[in-house]
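Now for the letters of each chain:
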Amino acid sequence: MRYIHTIKHIAIKETLSIFRDRLSLVILLILPPVILVIFGYALRFDPEDVNFAVLDRDNTPESMEFIAHLDNSPSFRFDAYLEREEEILPSLTYGKQKVVVVIPEGFSLSLLNRETAPDIFIDATDPMASGSIGYNLQQLLHQQMEDHLKKHGIQSNRPSFNVSFLFNPDLKPEVIPIPGLIMIVFILISALMLSLSMHREKEKGTSRMLMLTPAGISEVIAGKVVPFLVICLFHITTIWLLSGWLFNIHVAGSDAMFFLMCLLFILNFIAYGLLISAFIRTELELLLACWFFLFVPNMFFSGFLFPISTMSPLIQPFAELIPGTSFMETYRGVVLRGTSLTDHWAELINILLQTTVACILAIWGLKRNYLRKT
Amino acid sequence: MKILAAILWKEFLQLVRNKELLILLFACPVSILGIVPFALENNTRINAGIVDYDRTPVSRSYAAMMVHSPEFAEVRHFPTIESAERSVKLGQTKVILVIPPDHERKLNRFPPGDPLNLAIEATHPKKAQHLLATTASLLTEAHRAGSQHEVEAYQKVGSPHKVEAHQANIHNLFNPEASYQYYYLVSLLVLVQTIIGCCLLNHNIISEKEKGVLAQFNSTSLNRYLYIAGKGLFAMFVYLAITLVSLTFCRLVYGMTVQGNPEEYLLVTILFSFPMLSLGYLAAVLTKNQVQTIYLLILLLLTMILMSTMFTSLDSMPEWARLTRFFNPVYYMLDISRLIILKGVQMKHFITQAVMMTATGLMLSAAAVLIMRKSPERW
């Protein structure tokens, strides 16, 4: 009972210090919804309205129809006609165009017999965007050919498919960035903000004063963690409401599972925040450590930007261990595919193990470095 | 000049006395550049599943086509649709092909019989569309082998040629192998420059402000603008040193060279340090302590980084989000870096971006100086 009483008092002290710093409080409260709303809408991975130039050597109604077909699609926007082949490279290097379509002579005939195909030059410096551009172009070409064959009363040779997109039938693009953004929010609030607060006590010397009180080390840590945990719970609710309200992403599985999953990951990031604060000396070190050892690996290795399967076989086992990967997998399972937490036992064991080890190391480091009773 | 040299020397001593920070400053970028590119190999191979209700040579040819395709890591057979769906739900399989009964028998009928069924896991919609295109193209090939229908169809128009899916010859310029490594190495370089450039001067000023060192300097005859300029200059040297170390690392480990003029790249790097240092300076002037400044920097840096086209292309963003690039120096730096490093473009072609970047720096530092003058209590 005394233990809870002490934690309560330290938590009140921590809450007061959070509330007294108005600027920090405002950022702490608005940052997560801002991240989710702005980047939820802004981060898209399918290029639209890509400027293209055309070198039309066919100059037939069919070639013009093809250009109009591209221009009318949401993916492309006609920008210029080129006169000579020499203009292709400068157009892609210095111009606004990302794509140059070269329509060969006899293109109109090739729609039936495919002797000649158009040449498409893509600025491939961004491989992800160029892959999408190439794919979109192929689809539009296929479509035009199908239409053309239909016009001539020919049944297409392509087999027909009944396609069903599972767990996201409308192919909502928001489902790509949202789990990654939630992960970023958790890292910021639970790891970075908490470690900053811990470090502040050390730098100002108030950690020594805390140690002069009857509170034990674990009580001090728990007391400091509680307000951040409450803020995180508030943000889980915000995220849950905003995802449903703005992005129409509702938890396919159980809502309780969603909250439990988020709580587990928040505890994990809290443990990492404590661990970082236990071993750094200045706030710049803390900021760099959080950016480079928490933010960057979780962004790049978690499957948020690149699927794990595309990574080097050397790095895949490491990527699987990263908390962000487990979060992304579990989120996609529980929220989109409607799985239960038991289906993600491997990810959960990984997280629980990491949380325990990080906690033990953090308490040891904090005891050694600044929360000393002696 | 002497005073400036003294300020630089003081900053140098301060940095070398903090060994942990010095190591962290150089180790962070190198470790990130050393590990992250392994995440970018792009050798996607996914697991597929087949529910074959037909069990004929044609249906088996579909399975064989998928097994031999480099796109699929593993092709599993499921007895029922439910078991296949369960596998998709657990994330073990990404695409299921359901071949209806009597598929082979109805194949050569005109019009053709029941279509093939494809169920694709679409939690990543873009990947789902790619997967559909890949699988459909593979199955079209297999279908062609077993179908007589197309021959009949083309006999109708009297064409001697086999009609295939109308494909274009795609030429990927500047990155023919569609390698993610160089592209993201450039992004990582800019990420390192952004974080280091912004945080270094900011932390330096705010920690002195909090400790009262700045107040002590203010009571001396030392010109405070000269003092800040000295700090900024030193931060720029450190930032340049980190950039050079990072570039050398990329050259030695990944063989990435600057396609354009390296001197021009260095000049642009110096130009980019101006808005970043100014942003750090402004954040230090606006806030009272390190916690506030870190909160503010996270808000600003996160926004600038995520909107900079580092992780997504400009064409993918909605129109309103594209407009933010005009105020975002990270966007300009990324754009210029890609032009110089990946395309080998000369300075005259990115002069507008360089001017915009410098103008942003001027605006940020002017704002910081104005705030400093108008409200000395913030100093």
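Every value quoted in this text rests on a predicted model; they were computed, and no experiment measured them. (Residues numbered from 1 in each chain as written. Chains lettered and ligands numbered in written order. Predicted model: local features only at pLDDT ≥ 70, side-chain atom pairs only at ≥ 80, totals over all residues. Heavy atoms only, no water.)

Before going further, it helps to spend a moment on the interface of chain A and chain B. For interface size, the figure often reported is the accessible area lost on association. Taken residue by residue, the interface counts 118 residues in chain A and 113 residues in chain B. Across the chain A to chain B interface the summed buried area is about 11000 Å²; carbon plus sulfur atoms make up 68%. Applying the counting criterion to the chain A and chain B interface returns five salt bridges. Ionic pairing is found between Lys98(A) and Asp315(B), a salt bridge with its closest N-O pair at 3.0 Å. In this assembly, chain A and chain B are joined by eleven residue pairs in polar contact (both at pLDDT 80 or more). (Contact = heavy atoms within 4.5 Å. Buried area = accessible area lost by both parts, 1.4 Å probe. Salt bridge = Lys/Arg side-chain N within 4 Å of Asp/Glu carboxyl O. Polar contact = N/O pair within 3.5 Å; in protein donor to acceptor, adjacent residues only side chain to side chain.)

Looking now at the sheet that holds strand β3 (residues 99-103) of chain A. Strand order across the open sheet formed by five strands is β2(A)-β1(A)-β3(A)-β4(A)-β5(B), with mixed pairing between neighbours. In the strand order of this sheet, the two ends are held by β2 (76-81) of chain A together with β5 (169-173) of chain B, each with one partner. Strand-to-strand twist across the sheet, computed as the mean angle between neighbouring axes with direction ignored, equals 25°. Pairing analysis gives five bridges linking strand β4 (residues 119-123) of chain A to β5(B), with the strands arranged parallel. Across the sheet, the residue bridging to Ile122(A) is Asn172(B), located in β5(B). Running over the sheet, helix α6 (residues 127-151) of chain A touches β1 (50-56), β2, β3 and β4 of chain A together with β5 of chain B and is turned about 155° from β4(A). (Pairing = 2+ DSSP bridges. Helix = DSSP H or I, 4+ residues; strand = E, 2+ residues; numbered from the N terminus. Axes fitted to C-alpha atoms, helices over the stretch in contact; angles between N-to-C directions.)

It is worth spelling out the domain arrangement of chain A at this point. Once the domains are mapped, chain A shows domain 1 (2-43 + 176-369) and domain 2 (50-151). When each unit is reduced to the centre of its C-alpha atoms, the spacing between domain 1 of chain A and domain 2 of chain A is 47 Å. (Domains from an automatic or database assignment.)

Before going further, it helps to spend a moment on the nonpolar core. With 184 residues, the main nonpolar core has Phe186(A), Phe292(A) and Phe300(A) as its most contacted residues. Element by element, the count of residues in this core is highest for helix α8 (residues 180-211) of chain B, at 17 residues. Residues within four places of Phe300(A) in sequence aside, it is in contact with Leu305(A), Phe306(A), Met311(A), Val36(B), Ala39(B), Tyr184(B), Leu188(B) and Phe311(B). In this structure, Phe165(A), Ile46(B), Leu118(B) and Leu138(B) belong to the second largest nonpolar core, which totals 23 residues. (Core = buried A, V, L, I, M, F, W, Y, C linked by side-chain atoms within 4.5 Å. Buried < 20%, exposed > 50% of the residue type's maximum accessible area, 1.4 Å probe, protein only.)

Viewed as axis vectors pointing N to C, helix α7 (residues 177-204) of chain A and helix α12 (residues 290-306) of chain B meet at an angle of 160°, and their least axial separation amounts to 11 Å. Considered as vectors, α7(A) and α12(B) are oriented roughly antiparallel to each other. Here α7(A) and α12(B) pass one another in a crossing that is right-handed. Here α7(A) contributes Leu181(A), Ile184(A), Leu188(A), Leu192(A), Met193(A), Leu196(A), Arg200(A) and Glu203(A) to the contact with α12(B), which in turn contributes Gln290(B), Val291(B), Ile294(B), Tyr295(B), Ile298(B), Leu302(B) and Leu306(B). The residue makeup of the contact of α7(A) with α12(B), split by class, is twelve nonpolar, one polar and two charged. (Parallel < 35°, antiparallel > 145°, perpendicular 65-115°, else oblique. Left-handed = near helix turned anticlockwise from the far one by under 90°. Nonpolar A, V, L, I, M, F, W, Y, C, P; charged D, E, K, R; others polar.)

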